[in-house]
Amino acid sequence: MELSFYLIQLLNGIQLGFLLFLIASGMTLVFGIMGIINLAHGSFYMVGAYLAYWVTSLTDNLLWGILLALPLLFLIGFLIEKLAISFLYHRDHLSQVLLTYGLILILSSLQIIFWGKEFHGIDIPSPLNGSIALTDHQNYPVYRLFISFICGLTAFGMYFVIQKTRLGMKIRAGSSNREMLRILGIDVNKLYSIVFSVGIVLAGFAGMLVFPLNAVYPGMEENILIMSFVVITLGGIGSIRGAFLSAMMIGILETFGGVFFPEISSFLVFGLMALVLMWRPQGLFGQFR
């Protein structure tokens, strides 16, 4: 096979890794800081995709569809945190699992009510609908490069906010000692609302970016949720750096495994997770970083 074939698979793996990072970073933020096991996290990937599809259909512009859908998703996350998640902070993990599983059922039902069970797609905008020639016979879609670029900017923005801003300092402190934050007079409940809503937006943003490629359809979130749990478990629950590294590893392994070993590609992913956990039960980075 030509070298360009491997380059294409590598680019696809990096793009998948970036998308997994967006989703898993929101999940690891929520769990690492708030201590909430959110089984419905993958559902917000689906909600984000459907919101972007809906707004794009109204505006006939993908960019406006995404830009207008993001604040809507933040508002949805804020309301869900206030009306449901906030009651779980002093409850056990079983209560968290039951409530968030209920959210999965509610969101799935609402999706069917508003958009039905059909597949819905949209054309990629013409400036991003071309391809770049890698060789005389191999091309790579511009939109996939665009996804990787936007996800990379988002990842850098997350790093900057968490490491260089007062909000990031509060987030890092909240992952270590939330009671001390309360003693210092910081509104922890407000911080929780922001963290949960941002986590939801990150998951939904991934769905918004990918839906022009894969369309939107019922159940699109199921595999994503499983892969996100693998990412945060492998990287270390609560670790943004671990989520990024493990997302890239899983994205590349899943892509190359699907091409060369399709029968055992899932085994390769879960096998890697098992090997890492045997070596480091806390994951690659076992604390918030």
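Details of the structure are given in the entry above.
Residues numbered from 1 in each chain as written. Predicted model: local features only at pLDDT ≥ 70, side-chain atom pairs only at ≥ 80, totals over all residues. Heavy atoms only, no water.

Draft legend 1. Looking closely at the nonpolar core. Counting 79 residues, the largest nonpolar core has L29, M34, I85, L209 and I250 as its most contacted members. When residues in this core are grouped by element, the largest group, 14 residues, is from helix α8 (residues 188-214). Residues in contact with I85, not counting those within four places in the same chain, are M34, I36, I80, L99, T100, L103 and F196. (Core = buried A, V, L, I, M, F, W, Y, C linked by side-chain atoms within 4.5 Å. Buried < 20%, exposed > 50% of the residue type's maximum accessible area, 1.4 Å probe, protein only. Helix = DSSP H or I, 4+ residues; strand = E, 2+ residues; numbered from the N terminus. Contact = heavy atoms within 4.5 Å.)

Draft legend 2. Layout of the environment of M158. Counting through the fold element by element, M158 comes out in helix α5 (residues 142-164). Taking relative accessible area as the criterion, M158 reaches 9% and is therefore assigned buried. The spatial distance from the C-alpha of M158 to the C-alpha of I240 is 8.8 Å, given a sequence separation of 82 residues. Setting aside residues no more than four positions away along its own chain, M158 makes contact with F21, S25, L29, L202 and I240.

Draft legend 3. Up close: the packing of helix α1 (residues 3-34) against helix α10 (residues 240-260). Where α1 contacts α10, the axes come no closer than 7 Å and their chain directions differ by 140°. Accordingly, the angle class assigned to the pair α1 and α10 is oblique. The two elements α1 and α10 meet at a crossing, and its hand is right-handed. Of the residues belonging to the contact of α1 with α10, the class tally is 19 nonpolar, eight polar and one charged. (Axes fitted to C-alpha atoms, helices over the stretch in contact; angles between N-to-C directions. Parallel < 35°, antiparallel > 145°, perpendicular 65-115°, else oblique. Left-handed = near helix turned anticlockwise from the far one by under 90°. Nonpolar A, V, L, I, M, F, W, Y, C, P; charged D, E, K, R; others polar.)

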